[in-house]
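Secondary and tertiary structure notes
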Amino acid sequence: MNILVVNAGSSSLKYQLIDMTSESLLAKGLCERIGIEGSNIEQKANGRVYQKTLPLKNHTEAFGALVGALTDPEYGALKDLSLIGAVGHRVVHGAEAFTGSVVIDGAVMKALRDNIPLAPLHNPANIMGIEACRSVMPGVPMVAVFDTAFHQTMPRRAYLYGLPYEYYEKYRIRRYGFHGTSHRYVASRAAALLGKPIERLKLISCHMGNGSSFAAVDGGRSVDTTMGLTPLEGLIMGTRSGDLDPAVIEMLAQTEGISLKDAIGVLNKKSGLLGLSGGLSSDWRDIRAGLQAGDDAAARAAEVFAYRAKKYIGAYIAAMNGCDAILFTAGIGENDGCAREMILKDMDYLGIELDPELNKARGEALISASGSRVKVFVVPTNEELAIARDTLALTGTARARFNTPAIERSFA
Ligand code: ADP
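Residues numbered from 1 in each chain as written. Predicted model: local features only at pLDDT ≥ 70, side-chain atom pairs only at ≥ 80, totals over all residues. Heavy atoms only, no water.

What to know about the nonpolar core
For the record, the criterion: For this analysis, a nonpolar core means a set of buried residues of the types Ala, Val, Leu, Ile, Met, Phe, Trp, Tyr and Cys, connected via side-chain atoms within 4.5 Å. Accessible area is worked out with a 1.4 Å probe on protein chains only. A residue is then buried under 20% of its type maximum, exposed over 50%, and partly exposed in between. Helix numbering and strand numbering both begin at the N terminus, where a helix is a DSSP run of H or I of at least 4 residues and a strand a DSSP run of E of at least 2. Residues count as neighbours in contact if any of their non-hydrogen atoms are within 4.5 Å of one another.
Counting residues in hydrophobic clusters, the biggest one holds 41 residues, and the most contacted among them are L4, L13, F63, L66, V87, L112 and M137. Considering every element that reaches this core, the biggest residue donor is helix α1 (residues 59-70), with seven residues. Look past the residues within four positions of V87 in its chain and what remains in contact with it is L4, V6, C133, M137, V140, P141, M142, V143 and T391.

Here's what the structure looks like:
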């Protein structure tokens, strides 16, 4: 069965077509600038690149372009649309309503709309993507896979903030966490690499990309994670500040004469590596190059980034009372030995020791020294494959349809 995996943003649509008999990638594409001048589509399939600049007024038109690209006789990957068995949609926020992936029906759509206040930027785009897909491919079963779902196993001691409890009761203000599909994929892959049942493992999954989060995974369940109500909390990221004293926001607003919304904008868009490096770059490769060239602004950003990450690893070892393996994934985690070394340096007290040679690895690899009590792995993430697997599991035998009761739900 072929599964289309879709990640809809407010002005973009990323997709992959995966053949699930061999779990191989048939096509990969991106529609950009939807609703903006200069919209375009680019797709790679069978080693050929399909590129077109065309007006895409909305997500429905983008889906039309996607279907055109996938079924293009010269550049496509499919004879016709009937060869797509199901669609898996990445959805950012499932709040407390979703503890696993679900077949999309009317009740699911209502719950997604109810969650908009928790993810005002992301969920409306995800909803537009689902609705557009339904209008272009009516009758094809669709599954929603949530970034937050994996973290719904966190105990309340980890997800509650130290706020008046009524705010949790009234508004569900709490830690939700994100990147759940990646953490779940990487943790299960690590269990296979270690040759042990995941139920017996304590793992720390370190997803470091433009956005970064760590998760403590005990027995296959997320028990804590660094992102919070929104992806702003936790680690130093490309442009996000991560943790700070909330009083900073009021002070910034007052002293700079900006609104609270704009102050939060500074934390989201102008902080992190970009802000700490004095505007040098949000991209780790530039920061590392600056660090290696002796630039102090780059070194400052790299130090804060690595120190925050180190502290969370220590915290999660304490939270789980142990750790069998640390897993590095995503753009920085998979590719940058320098970042991994800075984070894990001087952690031998906790039984963590990198092997400098093995740490040069690219791709899936064990990179800890032979005597290291805690194993360290590079595990490339594959969120699209994880979404496709869930989609297959939920629709492979089911004849699910939009607007009919969900016939199968996973609360794994
Ligand atoms: P996201 O999916 O969150 O947008 P990615 O997982 O693609 O982000 O990660 C982007 C980050 O990974 C950037 O900071 C970039 O510098 C870093 N990165 C990508 N490739 C490499 C590489 N080969 N070496 C070091 N860092 C890399």
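As for the site of the ligand
Stated formally: Definition of nearness: a residue and a molecule or strand are near each other if at least one heavy atom of the residue lies within 4 Å of the molecule or strand. Pairs of N or O atoms are called polar contacts if they sit within 3.5 Å, as long as, within protein, a hydrogen donor faces a hydrogen acceptor (for residues adjacent in sequence, only side-chain-to-side-chain pairs). The Shrake-Rupley method, run with a 1.4 Å probe, gives the accessible areas here. Residue values count only the displayed protein chains as cover. Lys, Arg, Asp and Glu make up the charged group, whereas Ala, Val, Leu, Ile, Met, Phe, Trp, Tyr, Cys and Pro make up the nonpolar group; the residues left over, Gly among them, are polar.
Near the ligand lie 13 residues; those nearest to it are N210, D283, W284, R285 and G331. One of the backbone N or O atoms of W284 is found 3.0 Å from an oxygen atom in the ligand. Between the ligand and G331 there is a distance of 2.9 Å, counted from an oxygen atom to a backbone nitrogen or oxygen. Calculation on the ligand without its partners gives an accessible area of 580 Å², and the protein chains cover 70% of this total. Looking at the shell around the ligand, the elements with two or more residues in it are α10 (284-292) and α12 (330-335). Ranked by residue count, the leading element in the shell around the ligand is α12, at four residues. A class-by-class count of the residues in the shell around the ligand yields three nonpolar, five polar and five charged.

Side note on the pairing of strand β12 (residues 325-329)
So the rule is basically this: In this scheme, strands are said to pair when DSSP sees at least two bridges between them.
Where burial is concerned, most of β12 is hidden: five out of the five residues are buried. Residues A325, L327 and T329 of β12 are buried on one face, and the alternating residues I326 and F328, pointing to the opposite face, are buried as well. In this structure, strand β9 (residues 202-208) lies alongside β12, joined through five bridges in parallel fashion. Across the sheet, the residue bridging to S205 is L327, located in β12. Alignment of β12 against strand β14 (residues 375-378), held across four bridges, turns out to be parallel. Bridge pairing links L327 to F377 in β14.

Some points on the packing of α10 against helix α13 (residues 337-344)
The condition is simple: A fitted line through C-alpha atoms serves as each axis, taken over the contacting stretch for helices, and the angle formed by two N-to-C directions is quoted from 0 to 180°. The scheme is simple: roughly parallel for angles under 35 degrees, roughly antiparallel for over 145, roughly perpendicular for 65 to 115, oblique for anything else.
Between α10 and α13, the shortest axis-to-axis distance is 10 Å and the interhelical angle comes to 70°. Judged on the interaxial angle alone, α13 and α10 are roughly perpendicular. Contacts between α10 and α13 pair W284, R288, L291 and Q292 from the former with C338, A339 and M342 from the latter.

Some thoughts on the confidence of the model for the protein
To be explicit about the condition: Each residue carries a pLDDT value, the predictor's own confidence for that position, ranging from 0 to 100.
Summing up the model confidence of the protein, the mean pLDDT is 94 and the portion of residues at 70 or higher is 96%. Here residues 398-412 is modelled with pLDDT under 50, and outside its nearest four sequence neighbours on either side it reaches 38 contacts, counting other chains as well.

Topic: the pattern of salt bridges
Counted only if it meets this: Salt-bridge detection follows one rule: a side-chain nitrogen of Lys or Arg within 4 Å of a carboxyl oxygen of Asp or Glu.
Enumeration over the complete set of coordinates arrives at 18 salt bridges. Among the charged side chains, a salt-bridge network with shared partners connects E96, R172 and R174.

Brief notes about unusual backbone geometry
Located in the positive-phi region is R33, a residue other than glycine, with phi close to 60°. Classification of R33 as partly exposed rests on a relative accessible area of 39%. Of note in the backbone geometry, N321 takes a positive phi value of approximately 55° without being a glycine. Looking at the element boundaries, N321 is found in the loop between α11 (296-320) and β12.

So, the packing of aromatic side chains
The geometry of an aromatic ring pair is captured by two quantities: the separation of the ring centres and the angle between the planes. We apply this condition: Within 6.5 Å between ring centres, the rings of Phe, Tyr and Trp (the latter by its six-membered ring) count as paired, and their orientation is classed by plane angle as stacked under 30 degrees, edge-to-face over 60, tilted in between. By definition, being over a ring means that NZ of Lys or CZ of Arg is both within 6 Å of the ring centre and within 35 degrees of the ring normal.
In total, this model carries seven aromatic pairs according to the counting rule given. Members of the aromatic cluster, joined through ring pairs, are Y159, Y165 and Y168. Positioned above the aromatic ring of Y75 is the side chain of R48, whose terminal nitrogen or guanidinium carbon lies 5.4 Å from the ring centre. Directly above the aromatic system of Y176 lies the positively charged group of R174, at a separation of 4.8 Å from the ring centroid.

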